[in-house]
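Summary of structural features
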Amino acid sequence: MADEEEFVQDTRGTVTRRDFLKLLAAGGIALAFTPFVPWGKFMPDPTNTVANKVKITLPGGGIANIKTFPVDSSEVVTYPVTGDPVLDSEPFRKWQLVRLPASMGGTADDVSAFRCYSMVCLHLWCLWKYWPQPGRMRGECPCHGSMYRMQDGLAFAGPASLQAPPSNVLPILYLEADGNGDLWILPAIWNVNDNGIVGYGRFLQKS
Ligand code: FES
């Protein structure tokens with residue numbers, strides 16, 4: 001009966017007692033490392049929001065643009081950018097900007113061709129990456145083999161796929177394009193029902 005009750009709450013998007021216990025456990029691990037790691041700077045603040053939309057700057061310094069970004073490819077982007085090179089190199093600020101393969105709508109001349117997901121694997125926080133090769137076209141984590149589908153960020157294989165929602169769906173950044181085709185990141189809300197919480201997950205929104 002208790003399990004049934006928790007499942008109903010999960011599908012509604014509520015953080016359940018089980019989720020709370022997982023967060024508590026994660027907090028315990030974080031505290032164990034407190035003397036060694038500047039967690040205050042590192043961990044995402046779930047109450048924090050980013051106020052303004054920002055253009056996506058690519059590692060080479062250019063702006064991501066629909067007209068020039070190749071179909072079925074990806075780039076690592078940093079968000080939110082602070083301007084401090086140490087903070088900006090943190091894994092929790094790294095996102096995979098993916099232009100989907102043609103079979104998933106990547107040839108569309110609009111923002112629907114793109115996705116942008118947190119690179120922090122939801123299992124044990126290694127960094128996954130996008131593999132565009134035929135037969136793959138998915139995110140893969142090198143540590144224990146979790147795989148993520150690019151349409152919506154859902155883990156479909158490996159240990160992350162066995163975790164209960166919201167810890168089986170990658171956090172996402174929502175995008176828009178301007179008249180020149182430049183891509184922008186819309187203001188983020190670090191909540192499991194919005195952009196998600198980096199390293200913890202996101203509830204898939206019902207369409
Ligand atoms: S950390 Fe990615 S599968 Fe374990």
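Scroll up a little and you will see the structure.
A count of helical and extended segments in the chain gives four helices and ten strands. In sequence order, the secondary structure elements of the chain are arranged as α-α-α-β-β-α-β-β-β-β-β-β-β-β. Taking all 207 residues of the chain together, 40% fall into the buried category. Long-range contacts, defined as pairs at least 24 residues apart, comprise 54% of the intrachain contacts of the chain with a sequence gap of at least 6. As displayed, the chain has an accessible area near 10800 Å², and 61% of this comes from carbon and sulfur atoms.

Attention now moves to the side chain of D182. Mapped onto the elements, D182 comes out in the loop between β9 (175-177) and β10 (183-185). A distance of 2.8 Å separates polar atoms of two side chains, one belonging to D182 and the other to N65.

Turning to the environment of W95, a few remarks are in order. Structurally, W95 can be placed in strand β3 (residues 94-99). The exposure class of W95 is buried, given its relative accessible area of 0%. Taking the C-alpha atoms as reference points, W95 and S74, 21 residues apart in sequence, are found 9.9 Å from one another. A distance of 3.0 Å separates a polar atom in the side chain of W95 from the backbone oxygen of Y79.

The next point concerns the pattern of salt bridges. The full count for this structure, using the stated rule, is six salt bridges. Measuring nitrogen to oxygen at the nearest pair gives 2.5 Å for the salt bridge that ties D152 to R149. Beyond isolated ion pairs, a larger network of salt bridges with shared partners links R136, R138 and E140.

Turning our eyes to something else, we now look at the state of the cysteines. If you walk through the whole model with that rule in mind, you get one disulfide. A sulfur-sulfur separation of 1.9 Å characterises the disulfide bridge that pairs C126 with C143. Handedness here is read from the sign of the S-S torsion; for C126 and C143, about -90°, the answer is left-handed. In this pair, C126 sits in the loop between β4 (114-118) and β5 (129-131) while C143 sits in the loop between β6 (138-140) and β7 (147-148), placing the two residues 17 residues apart along the sequence.

One finds I56, W95, L97, F114 and L173 to be the most contacted residues of the largest nonpolar core, which totals 21 residues. Elements that contribute at least two residues to this core include exactly β3, β4 and β10. Setting aside residues no more than four positions away along its own chain, L173 makes contact with Y79, W95, C116, I185, A188, W190 and N195. Membership of the second largest hydrophobic core comes to 15 residues, among which are C121, M150, A155 and I172.

Our focus in this paragraph is the side chain of R202. Of note, R202 is situated in the segment after β10. Looking at R202, its side chain comes within polar contact range of the main-chain oxygen of D152, at 2.8 Å.

Picture the strands of a sheet paired through backbone hydrogen bonds; they go either parallel or antiparallel. Judged by pairing direction, the sheet is antiparallel, and its three strands sit side by side in the order β1-β10-β9 without closing on themselves. The open sheet is flanked by β1 (54-55) and β9, the only strands paired with a single partner. The pairing of β9 with β10 spans three bridges and is antiparallel. For L175, the partnering residue across the bridge sits in β10 and is I185.

Below, the discussion takes up the sheet that holds β5. Taken in spatial order, the four strands make up an open sheet running β5-β6-β7-β8, and their pairing is antiparallel. Strands at the two margins of the open sheet, each flanked by one partner only, are β5 and β8 (155-157). By the bridge criterion, two bridges tie β7 to β8 in an arrangement that is antiparallel. Directly across from M147, in β8, lies its bridge partner A157.

Right, let's talk about the pairing of β4 for a bit. Within β4, four of the five residues are buried, which leaves it mostly tucked inside the rest of the structure. In this structure, β3 lies alongside β4, joined through five bridges in antiparallel fashion. Counterpart to V98 in the pairing with β4 is R115.

Cut-offs applied
- Residues numbered from 1 in each chain as written.
- Predicted model: local features only at pLDDT ≥ 70, side-chain atom pairs only at ≥ 80, totals over all residues.
- Heavy atoms only, no water.
- Helix = DSSP H or I, 4+ residues; strand = E, 2+ residues; numbered from the N terminus.
- Buried < 20%, exposed > 50% of the residue type's maximum accessible area, 1.4 Å probe, protein only.
- Contact = heavy atoms within 4.5 Å.
- Areas by Shrake-Rupley, 256 points an atom, 1.4 Å probe, with all protein chains shown as cover.
- Polar contact = N/O pair within 3.5 Å; in protein donor to acceptor, adjacent residues only side chain to side chain.
- Salt bridge = Lys/Arg side-chain N within 4 Å of Asp/Glu carboxyl O.
- Disulfide = S-S within 2.5 Å.
- Core = buried A, V, L, I, M, F, W, Y, C linked by side-chain atoms within 4.5 Å.
- Pairing = 2+ DSSP bridges.

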